[in-house]
Amino acid sequence: MSDRIYNFSAGPAVLPEEVLKEAQEDMLSYKGAGMSVMEMSHRSKTFDDIIKGAERDLRELLDIPNNYKVLFLQGGATLQFSMIPLNFMQGKADYVNTGAWSKKAIKEAKRVGTVNIAGSTEEEGFNRLPKQSELNLDPEASYVHFTSNNTIFGTQYKTEPEVGDVPLICDTSSDMLHKKIDVSKYAVIYAGAQKNMGPAGATLVIIREDMLERCSDDLHTYLNYKIHADKDSLYNTPPSYSIYIMGLVYKWLLKNGGLDAMYKRNVEKAGWLYDYIDNSDGFYRGAAAKEDRSLMNVTFRLPNEELEKKLIAEALENGFSGLKGHRSVGGLRASIYNAFPSQGVADLVQFMKDFKARN
Ligand SMILES: *Cc1c(COP(=O)(O)O)cnc(C)c1O
């Protein structure tokens, strides 16, 4: 393992080393099955235990109420941008526009019905989230859609927007399982696996059962949530290996104290970085408004782009990979998801201190 480096990639992203080692042990023959999980039928008893076990552990981690279904689908969060309006939009829906991913969700919803932009910080470069008082919600909307963590801009909701009786739908792709959330506040929660839960390929959907009554039989089969719920995510071949790894990640979370312990660690890790940024005499500047800063994606700037490039290059030479900000916004971004080791954040802070002293 000595050649593993600190991986600050926004996604696909770092996985727990214990999980990778366990997968390695199981690679050629999964627990006496004589074959890899990649090679086995998704209809086998062995795989059934894997997918059911993953669901059970996820339910325990999040205290998911019994009237919610857990689905493992494909197509990424991106397919959810289409499936949500196709299944649930009856005429109009509210969307909160907080960044690039919200915009992509809005683009697809507009193909289906009327999108009311219930709030937006686009004019401010998405460096903060709209406040509750700024939201213009329509009580007749089919649902309200928001993005809990804006991976590119480094902003994150601390609590859900208040939306009354309108179903709340959330893209949690980049902060799913970073802390315990109250699932009962949501109608649908979805997330691509590859940021905080596992490898690319699987998309998690947690859906309140009454929402399934809205899914029209006229939809193409794969796009219909009700089909996936009725078939326990086995309508077609699911992303079986990704689901297996997600299951290992859920076990790892449970073994390490569950989501409250993980949240404490996340607050601590991000705190080290933000505290140093704020106390660097302005050499480093946080890109997002303080009150909306993300615990997962820490975005920051240096005095000029030359220094930013220099830091990224020197960091890479020193074993810190993936610090370049998204190409659309520039600057730097340290993605420090659940599996990112505390030591790596401490070492990055030390590296940033040294870099400042040299420059
Ligand atoms: C990465 C990301 C997506 C896109 O996910 P895919 O799995 O690539 O479709 C959507 N929303 C958010 C918040 C993301 O971070």
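Residues numbered from 1 in each chain as written. Predicted model: local features only at pLDDT ≥ 70, side-chain atom pairs only at ≥ 80, totals over all residues. Heavy atoms only, no water.

Chemist: Looking at this structure, how should I read the layout of surface pockets?
Modeler: Here the idea is plain: a probe the size of a water molecule rolls over the atoms and shows the empty space left. Of the pockets and cavities examined, the largest pocket occupies roughly 390 Å³. Along the wall of the largest pocket there are 26 residues; nearest its centre are Ala10, Gly11, Trp101, Thr151 and Lys195. The element best represented in the lining of the largest pocket is helix H3 (residues 76–88), accounting for four residues. Two domains each put at least three residues into the lining of the largest pocket: domain 1 (18–255) and domain 2 (258–358). Roughly 240 Å³ of volume is contained in the second largest pocket. Forming the boundary of the second largest pocket are 14 residues, of which Pro130, Lys131, Gln132, Tyr157 and Asp292 lie nearest the centre. (1 Å grid on protein atoms, 1.4 Å probe; cavity = no way out; pocket = protein on both sides within 12 Å on 5 of 7 lines; lining within 4 Å. Points joined across faces, edges and corners; volume = space filled by probe spheres on them. Helix = DSSP H or I, 4+ residues; strand = E, 2+ residues; numbered from the N terminus. Domains from an automatic or database assignment.)

Chemist: Honestly, the state of the cysteines in this entry has me stumped. Any pointers?
Modeler: Scanning the entire structure with this criterion turns up zero disulfides. Summary of cysteine pairing: Cys170 is not part of a disulfide, and the nearest cysteine sulfur, belonging to Cys215, is at 19 Å. (Disulfide = S-S within 2.5 Å.)

Chemist: How do you make sense of the domain arrangement of the protein chain when you look at a structure like this?
Modeler: By convention, interface size is frequently given as the accessible area that disappears when the constituent parts associate. Taken domain by domain, the protein chain holds domain 1 (18–255) and domain 2 (258–358). With 25 residues of domain 1 in contact, the opposing surface of domain 2 contributes 26 residues. With both chains or domains summed, domain 1 and domain 2 bury close to 2100 Å², and 55% of this area falls on carbon and sulfur atoms. Our count for the contact surface shared by domain 1 and domain 2 stands at one salt bridge. With its nearest N and O atoms 3.9 Å apart, the salt bridge here joins Glu291 to Lys131. The tally of links from domain 1 across to domain 2 stands at 15 residue pairs in polar contact (both at pLDDT 80 or more). Elements supplying a minimum of two residues to the side of domain 1 that touches domain 2: helix H2 (45–62), strand E7 (155–156) and helix H7 (240–255). The element best represented in the side of domain 1 that touches domain 2 is H7, accounting for three residues. Residues belonging to the side of domain 1 that touches domain 2 are distributed by class as follows: nine nonpolar, nine polar and seven charged. (Contact = heavy atoms within 4.5 Å. Buried area = accessible area lost by both parts, 1.4 Å probe. Salt bridge = Lys/Arg side-chain N within 4 Å of Asp/Glu carboxyl O. Polar contact = N/O pair within 3.5 Å; in protein donor to acceptor, adjacent residues only side chain to side chain. Nonpolar A, V, L, I, M, F, W, Y, C, P; charged D, E, K, R; others polar.)

Chemist: It is not clear to me how the pattern of salt bridges should be interpreted in this structure. Could you clarify?
Modeler: When charged atoms on two side chains of opposite charge get close, those side chains can pair. Applying the stated rule across the entire model yields 22 salt bridges. Two residues, Lys31 and Asp26, come together in a salt bridge whose shortest N-O distance is 3.4 Å. According to the relative accessible area criterion, Lys31 is exposed, its value standing at 54%. Judged by relative accessible area, Asp26 falls into the buried class, the value being 7%. For Lys290, the salt bridge is made with Asp278, and the minimal N-O distance between the two is 3.9 Å. Placement of the pair is Lys290 in the loop between strand E11 (285–286) and strand E12 (297–301) and Asp278 in helix H8 (residues 258–278), with a sequence separation of twelve residues. The exposed category is assigned to Lys290, whose relative accessible area is 57%. (Buried < 20%, exposed > 50% of the residue type's maximum accessible area, 1.4 Å probe, protein only.)

Chemist: So what exactly am I meant to see when it comes to the nonpolar core here?
Modeler: Leu62, Leu204, Ile206, Tyr250 and Tyr284 are the most contacted members of the largest nonpolar core, which totals 88 residues. Element by element, the count of residues in this core is highest for H7, at ten residues. Two domains share this core, each providing at least three of its residues, namely domain 1 (18–255) and domain 2 (258–358). Setting aside its immediate chain neighbours within four residues, Tyr284 contacts Tyr276, Ile277, Phe300, Arg301, Leu302, Leu311, Met352, Phe355 and Lys356. Leu73, Ala93, Val115 and Tyr190 belong to the second-largest nonpolar core, a separate cluster that totals 27 residues. (Core = buried A, V, L, I, M, F, W, Y, C linked by side-chain atoms within 4.5 Å.)

Chemist: Please clarify how empty space enclosed by the protein should be interpreted in this entry.
Modeler: Evaluation of the coordinates by the stated rule reveals two cavities of 30 Å³ or more. Quantified by volume, the largest cavity comes out at close to 50 Å³. What lines the largest cavity is Val14, Leu15, Pro16, Lys195, Asn196, Met197, Gly198, Val249, Trp252, Tyr337, Asn338 and Ala339. Classifying every residue of the lining of the largest cavity by side-chain character gives eight nonpolar, three polar and one charged. When its volume is computed, the second largest cavity comes out at roughly 30 Å³. Lining the second largest cavity we find Phe72, Leu73, Gln74, Tyr222, His228, Ser233, Asn236, Thr237, Pro238 and Pro239.

Chemist: Which parts of the structure should I look at to understand the site of the ligand?
Modeler: Taken together, 13 residues are adjacent to the ligand, and Thr78, Thr151, Asp171, Gln194 and Lys195 come closest. In the environment of the ligand, an oxygen atom lies 3.4 Å from a nitrogen or oxygen atom belonging to the side chain of Trp101. Interatomic distance of 2.7 Å between a side-chain N/O atom of Lys195 and an oxygen atom of the ligand. In isolation the ligand has 390 Å² of accessible area, and contact with the protein removes 87% of it. Its atoms largely coinciding with the cavity grid, the ligand occupies the largest pocket. In terms of residue count, the dominant contributor to the shell around the ligand is H3 (four residues). Grouping the amino acids of the shell around the ligand by side-chain chemistry returns three nonpolar, eight polar and two charged. (Near = heavy atom within 4 Å. Areas by Shrake-Rupley, 256 points an atom, 1.4 Å probe, with all protein chains shown as cover. Sits in = over half its atoms within 2 Å of the grid points.)

Chemist: Would you explain H7 in this entry?
Modeler: Every α-helix winds through 3.6 residues per turn, so residues three or four apart in the chain are directed the same way. Over its 16 residues, H7 extends 23 Å from the first C-alpha to the last, a length consistent with the 22 Å expected when each residue adds 1.5 Å. Most of H7 sits inside the fold, with 13 of its 16 residues counted as buried. (Expected span 1.5 Å × (residues − 1).)

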